[in-house]
Number of protein chains: 4
Amino acid sequence: MALKKAGVLGATGSVGQRFILLLADHPEFELYALGASSRSSGKAYKDAVKWKQTSLLPAKAQDLVVTECKPEGRFAECDVVFSGLDSDVAGEVEKAFSEKGLAVISNAKNYRRAEDVPLIVPIVNTDHLSVVEKRVKDARAKGEPKSGFIVCISNCSTAGLVAPLKPLVDAYGPIDLLTATTLQAISGAGFSPGVSGIDVLDNVVPFISGEEEKMEWETKKILGTVNAAQTGFDLIPESSMKVSAQCNRIAVSDGHTECISLRFKSDKKPTVDELKQTLRNYQCEAFKLGCPSAPKNTIHVLEEEDRPQPRLDRDRDNGYGVSVGRVREDPVLDFKMVVLSHNTVIGAAGAGVLIAEILNAKNVI
Amino acid sequence: MALKKAGVLGATGSVGQRFILLLADHPEFELYALGASSRSSGKAYKDAVKWKQTSLLPAKAQDLVVTECKPEGRFAECDVVFSGLDSDVAGEVEKAFSEKGLAVISNAKNYRRAEDVPLIVPIVNTDHLSVVEKRVKDARAKGEPKSGFIVCISNCSTAGLVAPLKPLVDAYGPIDLLTATTLQAISGAGFSPGVSGIDVLDNVVPFISGEEEKMEWETKKILGTVNAAQTGFDLIPESSMKVSAQCNRIAVSDGHTECISLRFKSDKKPTVDELKQTLRNYQCEAFKLGCPSAPKNTIHVLEEEDRPQPRLDRDRDNGYGVSVGRVREDPVLDFKMVVLSHNTVIGAAGAGVLIAEILNAKNVI
Amino acid sequence: MALKKAGVLGATGSVGQRFILLLADHPEFELYALGASSRSSGKAYKDAVKWKQTSLLPAKAQDLVVTECKPEGRFAECDVVFSGLDSDVAGEVEKAFSEKGLAVISNAKNYRRAEDVPLIVPIVNTDHLSVVEKRVKDARAKGEPKSGFIVCISNCSTAGLVAPLKPLVDAYGPIDLLTATTLQAISGAGFSPGVSGIDVLDNVVPFISGEEEKMEWETKKILGTVNAAQTGFDLIPESSMKVSAQCNRIAVSDGHTECISLRFKSDKKPTVDELKQTLRNYQCEAFKLGCPSAPKNTIHVLEEEDRPQPRLDRDRDNGYGVSVGRVREDPVLDFKMVVLSHNTVIGAAGAGVLIAEILNAKNVI
Amino acid sequence: MALKKAGVLGATGSVGQRFILLLADHPEFELYALGASSRSSGKAYKDAVKWKQTSLLPAKAQDLVVTECKPEGRFAECDVVFSGLDSDVAGEVEKAFSEKGLAVISNAKNYRRAEDVPLIVPIVNTDHLSVVEKRVKDARAKGEPKSGFIVCISNCSTAGLVAPLKPLVDAYGPIDLLTATTLQAISGAGFSPGVSGIDVLDNVVPFISGEEEKMEWETKKILGTVNAAQTGFDLIPESSMKVSAQCNRIAVSDGHTECISLRFKSDKKPTVDELKQTLRNYQCEAFKLGCPSAPKNTIHVLEEEDRPQPRLDRDRDNGYGVSVGRVREDPVLDFKMVVLSHNTVIGAAGAGVLIAEILNAKNVI
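Residues numbered from 1 in each chain as written. Chains lettered and ligands numbered in written order. Predicted model: local features only at pLDDT ≥ 70, side-chain atom pairs only at ≥ 80, totals over all residues. Heavy atoms only, no water.

Just so we agree on the cut-off: UniProt positions are given in the numbering used here, feature names are shortened, and annotations may be inferred rather than shown by experiment.
The name given to chain A in an unreviewed UniProt entry is Aspartate-semialdehyde dehydrogenase, with Candida tenuis as the source organism. As stated in UniProt under Sequence similarities (unreviewed entry), the record for chain A gives "Belongs to the aspartate-semialdehyde dehydrogenase family." Note on chain A: under the UniProt heading Catalytic activity (unreviewed entry), the record states "L-aspartate 4-semialdehyde + phosphate + NADP(+) = 4-phospho-L-aspartate + NADPH + H(+)".

Quick look at the structure:
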């Protein structure tokens, strides 16, 4: 089968570099267009980028010529465009791309709250993609020109939080109280400059701008439902679920640790063992669809008393699997546990690639 | 005034070294006896110790001869004995010392749950010392021989948690729900070996053996009351206050960060501003007594959005002051905030010294 | 081709775990026997080990039953035995194994200085293996029973040092002055307890016991030659080459950085460009033999001014390739450069596996 | 005695904040003028600065009004002006200030190589200050208006290197070969952004722009002599002393560790013990002058095999003392040792303050 053409916006940045690593030898996609600022435009990628990944710059990307972020030239030919743009430019660029009929999968926050834009954690709420699937297929049915759209990747710390919640809610009904205290890696903040060394060496920064609000709000959209018309989403109302997040930055390179606590609405509580079994049994739709990046085990439930740990567990299922440990009863709510997710894989670029694989499997792109 | 004679048990260990630093130039105490294992016995302290503090080994301690940990010789002459012993030996030794009429202030966990032993955070519940004060003064009144006793220092992470709770409970009544997620420094674990480097480099260990149980239990004793007979303590019953702790070890040298959340029993809630003002106004009894180590500001309420931070705030009031930041409403309970306390000062050896100052001010030792 | 049977001594330790990871899916070897202390003996490996690798415990190793470290039972059937034993027990055990006719590849220091024991960096001095090759083949020719032997893996910091020296000496003649200052990772020190966290957090320890002597001595054996009788080795005499090492432990998990400086004996000096080309052209014998773990590029010469860096470069060629950067003239000696090598791969367990592959390719095991 | 009026240029930056900490309660100086960019001008210092020191912002500085960096207003009244400006603006500003007759002590690199500007490590080459002393006193003698001047603080890594060299050269004659490999802290790089966290977490960056050249050149000026006319400096010629530096950035907050090696020109070598005694005996001129910040022990010679270490030794003599350990013979040159110096104290702002104290003691300001 012919490879789908993939473009990357913000290709020289931290998220863009991760997209390129994930796409360079992808079985379904071909790196086809790279966009960056005008300063990089016209250069071979290897000359435009300050490559800072632990894997080498893939041969396939080295000589691709970087262009500006405009929906023309090679970008116009793309089947899917991944955006690693900063939020200060993402809004306009992504709008322009989607209006030209392009499928945009974005890591930026700009459209996450837009009514008709799915906010997706690809191991959680792939059913939300039906909104764009419907739009695209309706257009095709009517013989209309290609219908562009934007799909947003969730915030990195939201991804880890909602992954175990999804199977729990499916099994035991709504969660009405939810708290999460995060210990977040620095890689998500990029590297020019990203988090300053002096801020995390022998230190904790107990604040990440906008992060708590994102976690509290995005959880309600992701765990919400597609509306009846399949045009947008019904969020879980504030009155039904209260979410409280406390976010900290620490000296970890990759992998967000989250200490979470939750209460089910129903009085009929599962046991700890039932809850763990439910997490273990969960298979995400992407895996059932046969997506190449989908985790074989969506949730790894660890029994060791001191796990999960970022260094030891972040790469499970290549970073697409989420680890849960220390599941136990909580004296204040019902249950508490520790969740670890790879912030640049399932929490950012990797999620984008898996979303694209799902859209491909569903014949949307 | 003549200096009181002070002994240190476990003098070569991590906590013992801190006691020695704090006592070497103390205005009220004189380093008089140092005890360690038989391996060190008979050596000058400077030859027995592998000194690993950031301040130099005080001149006054260098040539003190280390003895075994027995309530005889110079130890028998001590007015107060500080114990930095490991819990595997602390039980027996501290018992022997107190039975010989010595005043023991212990950092070990062994007697924290003993009915007649005060468990003290010296900026919080100094009223609990009345139990030993009564015992000592009764004995004196009867002309009985010196009445020995043990006072326990709380667990390090408990100290940070209860410090802001005390003035809040005094002002707004009981707290019925309390959660705390900690990001704990490694210094508290000692250094032979303490926390392994590979466990905290680019990593989090989301488990500290026994720590969560200590925080959940000790909070109820410390915030409880002296019983009517002044012989022991009435703990807050489980039914009145539920506490849930989640403890993590991270790559910080000194200073425990705790993200806490709480709900008051009463429906009449303070505002965030009132709550902050209450914290700011709080003066611990030790300060009112004029104890030399007492913090001028017991609780530092910080307004910067990204504080407190261990590197920047742990040394406030020489580590005897606790910093509180990010006080805000909590969607799940009533309020959430970040608390930072110096784990080896107010959470360990420093607390011991301040307790001794209080006992001294009250004429108990 | 049938897989060779491989045993691992010290299987539960840090080096042993690395051997198991490298052997579990090896194309030439089969994990066949695991040895550890009597405490672990009789247990399934998964129950005996506290697994602390970033990759999961391989399925093939999980249920292997651990035995004591004796050259009997399954160990007696092994074609090759890898030793990750600590030096306090390695001496006796490895001797017993080799005397029973077993081929032992050891990471311990005990026999490195033995006259008839090759000390091997498998990308450098594989010609030294001829000493055991001769012994084995002579025995076979005479129809004698299996001739056991020990081959030692070099010290981790020596491996990185000699890797670039080998092609330089081959091309430009002897080096008479050599200095190396190391910045060493903590993983090499194991993890029970290994390097204490408090020793490397916001710190440097400018001393590693015995390390400088090892680097200074081992370099002269490894860069020396097989003696005429092929029974042992002629070391480079002290008078011909002076080596000075300064070793530091820092907060890096894997990857030793070494700042080295050297002077050639000959007055005919290469240019910097010639020297770099020589490094780039170097192909180790293991690669020419087609060994599966051999690095495609033995030496990666980096041109970026700020490389190599441990996080970014340690995994080149799966840790079997060595990176060299900042090659430049040295005002004091002739040239200086920065060398980075993966201490647990080419500097320890990985080297052992590659040595075994070479012995296998040469039909010695 | 009346306090001298002190100004600080670049007051909101990393170096400026250190100046303010050191000057706020200084017995000889009074914080009198604070200069920063036009963005901060007109604001109270506490509102202009993002304070990031481990000590609190001194009360005396909080309400000082920040002005632009012009030699007018309160700056014109200053007896001494400390410059923590970045090099992109320092050149012009410092020139303007000195031309207005002001005494400028600068941490910037701009004028370090200027022929008539002393480059000072205040525990090493205070005799070089005679050049400005002469100029000022000549002008005073002639009744001319105030003669302004610039004195430069050395690069931070140079300071640690030359400190032990000075007494050695005084005692044993010239050093002809000198190598230094550094492990440098991140604080020197400032914090907006300074060193990126991802660059030093589990990593080493073996390159600091311009640093090696600075160390190699500055050493020759600082160890050189005042010329006969007392108008400038005779550097040690390249032919007499060769210096080679290799610089690395690591995850340490404060304190540069340097592994150095040296050869004396003379064939009459001291013993290791003699060399250590010479270092121990050294008293810097600032101490003899009674300067309040001068270290009591200029060089601390440590005998423990694993010292100096940044966390444990950087604060000796409040960071004004330099620690030397592991003094031993070097197989390649004559001696090697490990030097630790506090990069923001004796290597930056602290040096500036001590220079001012010396100038004050000598009646130059």
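From this point, the discussion proceeds with the structure in view.
**Observations concerning the interface of chain A and chain B**
So the rule is basically this: Only heavy atoms matter for contacts: two residues are in contact if any of them lie within 4.5 Å across the pair. Simply put, the buried area is the total loss of 1.4 Å probe accessible area from both parts when two parts are fitted together. Any Lys or Arg side-chain nitrogen located within 4 Å of an Asp or Glu carboxyl oxygen qualifies as a salt bridge. For this analysis, a polar contact is any N or O atom pair within 3.5 Å, provided that within protein one partner can donate a hydrogen and the other can accept it, and provided that sequence-adjacent residues contribute only side-chain to side-chain pairs. Every helix listed is a DSSP run of H or I at least four residues long, and every strand listed is a run of E at least two residues long, numbered separately from the N terminus. Only Asp, Glu, Lys and Arg are considered charged in this grouping, and only Ala, Val, Leu, Ile, Met, Phe, Trp, Tyr, Cys and Pro are considered nonpolar; every other residue, Gly among them, is considered polar.
Each partner contributes to the interface: chain A provides 47 residues, whereas chain B provides 47 residues. Of the roughly 3700 Å² buried where chain A meets chain B, counting both sides, 55% is carbon and sulfur surface. Together, Asp-202, Gln-246 and Val-332 of chain A form the three largest contributors to the area buried by chain A at its contact with chain B, with a combined 17%. At the junction of chain A and chain B, the tally comes to 8 salt bridges. A salt bridge links Arg-328 of chain A to Glu-212 of chain B; the shortest N-O distance between them is 3.1 Å. Across the contact surface, chain A and chain B share 24 residue pairs in polar contact (both at pLDDT 80 or more). When residues of the side of chain A that touches chain B are traced back to their parent elements, those giving at least two are strand 8 (175-184), helix 8 (211-222), strand 11 (242-249), strand 12 (256-264), helix 11 (310-313), strand 14 (322-329) and strand 15 (335-341) of chain A. Tallied by class, residues from the side of chain A that touches chain B come to 23 nonpolar, 10 polar and 14 charged.

**Focus on unusual backbone geometry**
Convention followed: Residue burial is assigned from relative accessible area. The probe radius is 1.4 Å, only protein chains are included, and a residue is buried under 20% of its type maximum, exposed over 50%, and partly exposed in between.
Omega for the bond connecting Arg-307 of chain C with Pro-308 of chain C falls within 30 degrees of zero, at 5°, which places this linkage in the cis form. With respect to the helices, strands and loops of the structure, Pro-308 of chain C is situated in the loop between strand 13 (299-302) and helix 11 (310-313). Residues other than glycine seldom take positive phi values, yet Gln-230 of chain A does so here, at roughly 60°. Within the element layout of this structure, Gln-230 of chain A appears in the loop between strand 9 (225-226) and strand 10 (233-234). Overall, the relative accessible area of 32% leaves Gln-230 of chain A in the partly exposed class. The backbone of Arg-326 of chain A sits at a positive phi, close to 55°, despite the residue not being glycine. For Arg-326 of chain A, the location among the structural elements is in strand 14.

**Details of the relation of the copies chain A and chain D**
Relating the two copies of this chain is a rotation about some axis coupled with a shift parallel to it. Convention followed: A residue counts toward the fit only if its pLDDT is at least 70 in both copies, and the copies are then superposed by least squares on the C-alpha atoms of those residues.
Least-squares fitting of chain A to chain D yields an RMSD of 0.0 Å, with the transformation described by 0.0 Å of translation along the axis and a rotation of 180°. Overall, the copies show the geometry of a two-fold rotation axis. Within chain A, Gly-197 of chain A has its C-alpha nearest the rotation axis, a separation of 1.7 Å. The overlap is high: 100% of the interface residues of chain A also sit at the interface in chain D, so the same surface is used on both sides.

**Some words on the packing of aromatic side chains**
The test is simple: Side-chain rings of Phe, Tyr and Trp (the six-membered ring for Trp) are treated as a pair once their centres are within 6.5 Å; stacked means planes under 30 degrees apart, edge-to-face means over 60, and tilted covers the remaining angles. Note on criteria: charge over ring means Lys NZ or Arg CZ within 6 Å of the ring centre, with the direction from the centre no more than 35 degrees off the ring normal.
Taken as a whole and judged by the stated rule, the model has 24 aromatic pairs over all chains. For the ring pair Phe-19 of chain C and Phe-82 of chain C, a centre distance of 5.1 Å and an interplane angle of 40° mean the geometry is tilted. Remark: Phe-82 of chain C occurs in strand 4 (residues 80-83) and Phe-19 of chain C occurs in helix 1 (residues 14-24); sequence separation between them is 63 residues. Both residues of the pair, Phe-19 of chain C and Phe-82 of chain C, count as buried. Chaining the aromatic ring pairs together yields one cluster made of Phe-19, Phe-29 and Phe-82 of chain A. Its end group placed over the ring of Tyr-32 of chain C, Lys-5 of chain C keeps NZ or CZ at 5.1 Å from the ring centre. For Arg-74 of chain D, the ring lying beneath its charged end belongs to Tyr-32 of chain D, and the centroid distance is 3.9 Å.

**Section: the interface of chain A and chain D**
Taken residue by residue, the interface counts 15 residues in chain A and 15 residues in chain D. The contact between chain A and chain D buries some 1100 Å² in all, and 69% of this surface belongs to carbon and sulfur atoms. At the junction of chain A with chain D, the criterion picks out 2 salt bridges. Between chain A and chain D we count 4 residue pairs in polar contact (both at pLDDT 80 or more) in total. Looking at side-chain class alone, the side of chain A that touches chain D contains 9 nonpolar, 4 polar and 2 charged residues.

**Here we look at the pattern of salt bridges**
Within this structure, the stated rule accounts for 84 salt bridges over all chains. The shortest N-O distance in the salt bridge between Lys-336 of chain A and Glu-216 of chain B comes to 3.2 Å. You can see Lys-336 of chain A sitting in strand 15 and its partner Glu-216 of chain B sitting in helix 9 (residues 211-222), one on each of two chains. Taking the relative accessible area as the measure of exposure, Glu-216 of chain B reaches 16% and is therefore buried. Residue Arg-326 of chain C is joined to Glu-212 of chain D by a salt bridge in which the shortest nitrogen-to-oxygen separation is 2.7 Å. With Arg-326 of chain C in strand 14 (residues 322-329) and Glu-212 of chain D in helix 8 (residues 211-222), this residue pair bridges two chains. Like Arg-326 of chain C, the residue Glu-212 of chain D is buried in the burial classification. Beyond isolated ion pairs, a larger network of salt bridges with shared partners links Glu-212 of chain A together with Arg-326 and Arg-328 of chain B.

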